[in-house]
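# Structural overview for review
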Amino acid sequence: MQARRLWAVCGLPDFRKVGPMHHARMVRRLFSYIEEGGHVPHDWFAAEVARLDNMSGDIEALADRLAGIRSWAYIAHRADWLKEPAKWAERTREVEGRLSDALHERLTQRFVDRRTAVLVRDIGARGADALPVTVAADGEVSVGPEPIGHLTGFEFRVDPSTRLADKRLLLAAAERRLGDELDRRARSLVEAKDEVFELAVDENGGLAVTWEGHVLARLAPGRSLLEPALRTARALDRLSAPTRAALRERLERWLEAQIDQHLRPLQKLAAAATDPASAPGVRALTAMLADAGGLFPRKTALSAIAHLEQADRQALHRLGVRLGPLDVFLPLLLKPGAQHWRGALLAVKQGQPMPALPPPGAATLSAEADPRGAALAYRRLGSTWIRIDLADRLASHARKVRSTGGEDPVDQELATSIGLNEDALSRLMNEIGFTRAGEAWRWRGSRGARSDPRARPSHAFAELAKLKKK
């Protein structure tokens, strides 16, 4: 029995290759523990495994620890040598896996360092301009035969595995020869169709013009709501000056075309606000509407609206302006595309992030809606938002019924079809000038502008007063 145990222990492989004397001492100690106590002591086994569970050091140190843990893994798989063989087999397997991964990483880094050293030596001997720089279809950039980074859009990034000391040389070698590729991409965009560009929200919540997800320029406050400034991304600084100027001009043309496509009614308002041929009342009201993005509560401008002549009202009607009972707005600007661009330009002007827009075509919104996004086309009634044009229809119906002596000022069919709840309906009727009297509605009269905290004199109306004095 004793001989069989000794023979089994002598079968322990010499994974570390440290020589017969050292391996013999290991076998003798292991056999003595098994012969005396029947099992390898837990404390000794645990301490030896913990000593090897160390991922620091160079390739040689990691290789030596990996060989050592394999010896203990062999012991752990002998059910008659340990009290808890399954537990220690799992423990040694985990340590072996970590050491193996660390060794693989060191070997990879040694290869990369040698590759980079050869490349840097060639740059020093032949000069950066003498080495060919190529850009693959997937954006991988190579100097000579060696890949050194990626070109994403107009931004070049050196391979992160490259040593910091070598990055500057590699970057210089690539950038000296990437100019032609960058200019080629820019010239392609200058000739591209509008569809390749997109207005997107960047990582900071700001508005940017992008191409295939790459930021080309960011919007900033400009001369007016409809004339935001365009600031090109730093990545475009690598372009030659003429090419950069041409690309910037192309982006500006795209932005102007988008604003013209989606916000032409607002552009006409802005033009009327500065047209000397427009009446003073029209100029004042259109200036206020253009500045507000095409929508504001009627109570904000009660006095100015009251002083409009019939010809002024007709001029505003031709411009698409609706002087509703509750709001002054342009119905065409309530379309989803117009909402999107109004929200974007107002966010840029106010220095705020892009608001969350309501779903297209929704008649009402819940209290969870983004207030800034909802306010682009909806009126708030307690915990409910109702689209401006629908609120206008309900208000106009109520006014018409009152003027003709009708009994029920509520358009019940419309209120039901849009899902307007009782609280929201009561608030809407109250805004119009009605109050509930039992099951009926009683006219109590319109509230003055001062009852609305939003109703404050505007600069536009101050200008109107000056014009009338003239």
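Summarised in this report is the structure supplied together with it. Counting of residues starts from 1 at the beginning of each chain's written sequence and follows it residue by residue. In keeping with the model being predicted, local features are shown solely for residues with a pLDDT of at least 70 and side-chain atom pairs are shown and tallied solely at 80 or more, while totals for entire chains, interfaces and linings include all residues. Side-chain measures were taken over the full set of non-hydrogen atoms in the model, leaving aside hydrogen atoms and water.

## Considering the pairing of strand β16 (residues 440-443)
Two strands are said to pair when DSSP picks up at least two bridges between them. Where helices and strands are cited, they refer to DSSP runs of H or I of at least four residues and of E of at least two residues respectively, numbered from the N terminus. As judged from the four bridges shared by strand β15 (residues 434-437) and β16, these two strands associate in the antiparallel manner. Bridging across to β16, Arg436 finds its partner in Trp441. Linkage of β15 to β16, two consecutive antiparallel strands, is achieved through a turn of two residues, within which Gly438 is found at a positive phi near 70°.

## Quick look at the sheet that holds strand β5 (residues 197-201)
Strand order in the open sheet formed by four strands is β5-β6-β7-β8, and the pairing between neighbours is antiparallel. Edge positions in the sheet fall to β5 and β8 (227-232), since each has one partner strand and no second. Strand after strand, the sheet turns through a mean of 35° between neighbouring axes, direction not considered. Contacts are assigned to residue pairs that have any heavy atoms within 4.5 Å of one another. All axes are obtained by fitting lines to C-alpha atoms, using only the stretch in contact for helices, and the reported angles, taken between N-to-C directions, cover 0 to 180 degrees. Packing against the sheet, helix α7 (residues 241-273) makes contact with β5, β6 (207-211), β7 (214-224) and β8, and its axis sits at approximately 150° to β8.

## Regarding the side chain of Arg387
Structurally, Arg387 can be placed in strand β14 (residues 384-387). With residues up to four places along the chain from it excluded, the contact list for Arg387 reads Gly361, Ala362, Ala363, Ala377 and Tyr378.

## Side note on the sheet that holds strand β10 (residues 322-323)
Taken in spatial order, the three strands line up as β9-β11-β10 in an open sheet, and their pairing is antiparallel. Here the strands that pair on one side only, and so sit at the sheet edges, are β9 (295-297) and β10. As paired strands, β10 and strand β11 (residues 327-329) are joined by two bridges and run antiparallel to one another. Bridge pairing links Arg322 to Phe329 in β11. Together, β9, β10 and β11 form the strand contacts of helix α13 (residues 388-403), whose direction differs from that of β11 by roughly 130°.

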